[in-house]
Structure formats: C-alpha cells, structure tokens
Amino acid sequence: MSSATTDRVTVPSLLAQFVGALVGAIVLALVLYLGVGFAFMNSGMGMGVLTLQVYGAIIGAGVGAGIGAGLAGRALKQRGNTVLALLLPIIVGIG
C-alpha cells in the first residue's frame, strides 16, 4: 500500500462524506423538484405534477447523496468507485 491512499476509516472522513451526501442530496433534490415543476407548469396535469415532483426529488436525493459522498471520498483520496456511488441509490430505489 502506498502512503497516498488511506484504508483506515476515520471520524473526520466519515463526517466529510456524511456532509457531502447531505449537501448533494438537498441540492439535487431541489434542482429536480423545481425542474420538473417548471417543465410541466402549463401541462394541465393538476396534482399529477406534484407526484412527478416528489418522485424527481426522491431520485435526486438518492443520486445527490451518492455524488456528494463519492466526491467527498475522492477529495480525501479514499478508494472506491464513483460510478457505483451514483448507480446504487437508483438501483436500490427501483428495487
């Protein structure tokens, strides 16, 4: 093992990944919620738009959490697969 990567999990690294996941989830959930709302603003779907907004926010929160935790792990030079961090929330959410 090289000294550039760390295999130990420390409290600051977990905290950084938690904060990254939380920020990523909030930001992407809001972006998708508002994006769906603006996309279907004049569609005449009524409460169906709210349903689509909630689904978009749920997917955005999962993917955003994966992105945030993955980027925080990359910034701390921890090993891991960023693609899996993005895909697993979607796969678990669908299943």
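K.L.:
I would appreciate a short explanation of the overall build of the protein chain in the present structure.
P.N.:
A count of helices and strands for the protein chain gives three helices and zero strands. Secondary structure elements in the protein chain, listed N-terminal to C-terminal, are α-α-α. Expressed as a percentage of its 95 residues, the buried residues of the protein chain come to 22%. The long-range share in the protein chain, meaning contacts at least 24 apart out of those at least 6 apart in sequence, stands at 65%.

K.L.:
I keep staring at helix α2 (residues 47-75) and nothing clicks. Help me out?
P.N.:
Residues three or four positions apart in an α-helix share a direction because the helix packs 3.6 residues into each turn. Its 29 residues place the ends of α2 41 Å apart at the C-alpha level, agreeing with the 42 Å of an ideal helix rising 1.5 Å per residue. Those residues of α2 that fall on the buried side of the exposure criterion are V49, Q53, G56, A57, G60, V63, G64, G66, G68, G70, A72 and G73. Among the residues trailing α2, K77 stands out with phi positive, at a value near 60 degrees.

K.L.:
Explain the environment of I91 to me, please; I cannot follow it from the model alone.
P.N.:
Mapping I91 onto the fold places it in helix α3 (residues 82-94). On the accessibility criterion, I91 (53% relative accessible area) is exposed.

K.L.:
Sorry if this is basic, but what is going on with the side chain of Q53 here?
P.N.:
Locating Q53 in the fold gives a position in helix α2. The class of Q53 is buried, set by a relative accessible area of 11%. In this structure Q53 touches Y33, V36 and G37, once residues within four positions along its chain are discounted.

K.L.:
Sorry if this is basic, but what is going on with the environment of L50 here?
P.N.:
You can see L50 is positioned in helix α2. Distance from L50 to Y33, taken between C-alpha atoms, is 8.9 Å for residues 17 residues apart in sequence.

The rules behind each value
- Residues numbered from 1 in each chain as written.
- Predicted model: local features only at pLDDT ≥ 70, side-chain atom pairs only at ≥ 80, totals over all residues.
- Heavy atoms only, no water.
- Helix = DSSP H or I, 4+ residues; strand = E, 2+ residues; numbered from the N terminus.
- Buried < 20%, exposed > 50% of the residue type's maximum accessible area, 1.4 Å probe, protein only.
- Contact = heavy atoms within 4.5 Å.
- Expected span 1.5 Å × (residues − 1).

Interpretation in functional terms is not warranted from these geometric data alone.
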